[in-house]
Each structure stands twice: as C-alpha cells, then as structure tokens.
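Take a look at the letters that make up each chain.
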Amino acid sequence: MRQILEFGPHCLFARTHPDETLRLASGGPGDDPQGRRGFGYGRLLALEQALRRGGWQVVACHAPTRQPARPGPRALAYRRLLRYGGQLIGLDFHDPCALTPTAPALLARATLYFKRELPLDRRALLPAGTAAQRALLARHAHKLRPVSLGLAPWRIAELPAEPPEKSVDIFFAGALRDGSAVRRQGAALLAHLGAEGYRIDLAGQRLDRAEYLARTARAWLVWSPSGLGWQCFRHFEALAAGSVPLIDRATVEMPDPLLPDEHCLAYEPAGDNLLRVARAALADKPRLTRIAAAGRALVLERHLHRQVADGILESAVGWGARQDSNLWPTV
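The rules we used
Residues numbered from 1 in each chain as written. Predicted model: local features only at pLDDT ≥ 70, side-chain atom pairs only at ≥ 80, totals over all residues. Heavy atoms only, no water. Disulfide = S-S within 2.5 Å. Pairing = 2+ DSSP bridges. Helix = DSSP H or I, 4+ residues; strand = E, 2+ residues; numbered from the N terminus. Axes fitted to C-alpha atoms, helices over the stretch in contact; angles between N-to-C directions. Contact = heavy atoms within 4.5 Å. 1 Å grid on protein atoms, 1.4 Å probe; cavity = no way out; pocket = protein on both sides within 12 Å on 5 of 7 lines; lining within 4 Å. Points joined across faces, edges and corners; volume = space filled by probe spheres on them. Phe/Tyr/Trp six-rings, centres within 6.5 Å; stacked < 30°, edge-to-face > 60°. Buried < 20%, exposed > 50% of the residue type's maximum accessible area, 1.4 Å probe, protein only. Nonpolar A, V, L, I, M, F, W, Y, C, P; charged D, E, K, R; others polar. Core = buried A, V, L, I, M, F, W, Y, C linked by side-chain atoms within 4.5 Å.

## What to know about the state of the cysteines
Counting across every chain of the model gives zero disulfides. Cys264 provides the cysteine sulfur closest to Cys232, a residue in no disulfide bond, and the two sulfurs are 11 Å apart.

## Describing the sheet that holds strand 8 (residues 200-203)
Pairing is parallel in the open sheet, where five strands are placed in the order 8-7-9-10-11. Two strands bound the open sheet, and with one partner strand each, they are strand 8 and strand 11 (265-267). Within this sheet the neighbouring strands show an average axis-to-axis angle of 25°, counted without direction. For strand 7 (residues 168-173) and strand 8, the ladder comprises four bridges, and the chain directions are parallel. What sits directly across from Phe171, in strand 8, is Asp201. Contacts from helix 6 (residues 181-195) reach strand 7, strand 8, strand 9 (219-223), strand 10 (244-248) and strand 11, with the element oriented near 150° to strand 9.

## As for empty space enclosed by the protein
The final tally for this structure, using the stated rule, is one cavity of 30 Å³ or more. Estimated volume of the largest cavity: approximately 50 Å³. If you go around the largest cavity, the residues you meet are Val182, Gln185, Gly186, Leu189, Tyr267, Glu268, Pro269, Gly271, Asn273 and Leu274. Sorting elements by how many residues they give to the lining of the largest cavity places helix 6 first, with four residues.

## Section: the packing of aromatic side chains
This model, assessed by the stated rule, comprises four aromatic pairs. Centroid distance Phe7 to Phe39: 5.7 Å. Interplanar angle 80°. Geometry classified as edge-to-face. With Phe7 in strand 1 (residues 4-8) and Phe39 in the loop between strand 2 (21-25) and helix 2 (41-53), the pair connects residues that are 32 residues apart, well separated along the chain. When the centroid spacing of 4.7 Å and the interplanar angle of 55° are considered together, the rings of Phe172 and Trp223 count as tilted. One end of the pair, Phe172, is in strand 7; the other, Trp223, is in strand 9, with 51 residues separating them in the sequence.

## Topic: the side chain of Gln231
Structurally, Gln231 is set in the loop between strand 9 and helix 8 (233-240). Residue Gln231 is classed as buried on the basis of its relative accessible area, which comes to 1%. Discounting chain neighbours no more than four positions away, the residues touching Gln231 are Arg116, Glu117, Val147, Ser148, Leu149, Phe236, Val252, Glu253 and Met254.

## Some thoughts on the layout of surface pockets
The space that makes up the largest pocket amounts to roughly 750 Å³. Forming the walls of the largest pocket are 23 residues, and the residues nearest its centre are Ala173, Arg183, Arg206, Phe233 and Arg234. Elements supplying a minimum of two residues to the lining of the largest pocket: helix 7 (209-217) and helix 8. Top element by residues in the lining of the largest pocket is helix 8. It accounts for three residues. Considered class by class, the residues forming the lining of the largest pocket number eight nonpolar, seven polar and eight charged.

## Description of the nonpolar core
Core analysis: the biggest nonpolar cluster contains 29 residues, and Ile156, Phe171, Phe236 and Leu258 have the highest contact counts within it. Contributions of two or more residues to this core are made by strand 7, helix 7, strand 9, helix 8 and helix 10 (285-302). Element by element, the count of residues in this core is highest for helix 8, at four residues. Discounting chain neighbours no more than four positions away, the residues touching Leu258 are His235, Phe236, Leu239, Ile247, His263, Cys264 and Leu298. Membership of the second largest hydrophobic core comes to 28 residues, among which are Leu47, Leu88, Ala103 and Leu137.

By themselves, these observations are geometric and do not establish any function.
Here you go:
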C-alpha cells in the first residue's frame, strides 16, 4: 500500500521507496522526463483525487524554483497542497541558501522543512526579505532541518572494482574559467603546487563518468570547492572512491556531517591556506588513508539516497529509518 505522496519538480521517495510512493511530477524546472510534458489540469485533478482519497502517512512537497504562473494549474496545485490537512513536509534541494519565493508559505504550512543548503547564519535564508517575511521565518524556524544532497547509487556504479594505486596528489574536474572566485583562486594555488613538484591533475572539461571516477580514485586528494551551493556530489564521490575531499570550510549544516580531519580536509578560502593544508596532508599519507576509509564508510552508510530518504521519514513520521538500508549494495 502506498503511504507517501510526493509532488514537485524533483524526485526522491519515488526512487528510494517506489512501492510506498505515488509521485506526481509538477513539470517545473529540474523535473525528470516524467514532468517535461508540462503540468496541466489533468494532473491537477489527479493530485486533488489523491489528496481526497487520503490514507497518506506523509505528503512531501518539493519547493519550486520559481513562483508558478498565476492563474494556472501548477499554482493551483501548490495552493491546494497548502490546504492539505495531514502531515506535509517541505523539501528544498536547491543550490542557493536563500529561500525561493514559494518557500516561506510552504515553511509556514509544513510540519518540517528539509533544506539542503541550510546556512549556519540563518540571515542568509532571506538576504533581502521584508519585515513580514523575517517575522514569518522567526515563527517557523524551528521546523527547519538540514538534509544531505547525498548520492544516487548510479553515480558511483562505475568505480574501479579494485582501488587503484595512488598516482596523483590532487585531482579536480570542473569549470574554472567561468567558475566562482573560490575556484579561480584555488586553481592558481594548485598551479603553484604543481610548480613545486606535486602531481596535480586538473581537468577543465567534462569527463565521462568512468574516467572521472577512475581519476578520482587515483588521487590522494580531490579538490572540491563550493559552487552554487556548498554541498556537491564531488564531496561524496571522492570519499566513495577512497580519496579525501579537500573542501572550503562549511557554511551550511549537514546531518551526519563530513567532519574536518575525520572524513575530509577543510581549508579557508582566503589567502594561501589551501597551500598549507595540502602540503601538510600530502606529507602524511597514512593519515590520508585513515581519513579516506572513515569518510567512505560514512558516505555508504549515511549519504546514499535511500538513507537520506529514510532519515527524512524517520524525522517526520517515525518511519523506522535505516532498518533496511542494506538493500543498497556496498560499492
């Protein structure tokens, strides 16, 4: 019997708990192929019928990126969800820390609101908010919960069967020319390390997944600077591959966090701190091996999407999280 109704531009429970979930895609930006046909009145009717039928242990609503056009079926769907009388949880996996235009209303109605980029400084949630919005946030801030971006198992399915021998000191794959200042400054520092004789592997172009994972696994350190958000797949992919992510210090909360010097290495973006942290780390390879092993165990036990979804459900409705997390194969 299906117990979860999932609505919005993203998909989590329908993939991790398919037998228990009815997913109604909103057809908005970020949706999977099921939603790219748009959202019409037929889907609005399906949502209305599902809500009236009842019996849902939880209704999960993904916050849309933009305010749905009004009048229109998508806007009516979100308005209907805000009137739902049962357990409603908000899900926000967007890159920015700032709340989207639709998020405050969802936060006000939801029992709990799970946000991927939940800033340590809550003022970043409403950087240009009105007095009324700030007051609303203050009333409902107790509902906010951090959530891991996590990994779908397919992201690490092509890892080498056996961990390869380390042949690179630091690896990075990603945009540099048009990236953030953190990336541009960090790339210059890595070039400096290369001139000192460290083995640096920088791939400024997109790699196919098998090559990306193979090069990740061969590196002692994987530079993983923040992008549009602090959390990124690269943090978790590096650890799953048996390498240590080198991350600028966290500005957001995480459940089961990647702890500096235990599961990752952290540096301050300002100045040349990246150089000092990298040099010290590469001088102690046994320590890197221990950090990589602890971080890999944490990712496979807590940050695959099944465990992320179970953690949300446990917090929201006492689902009994992680009781069957061994359904995911160990990579």
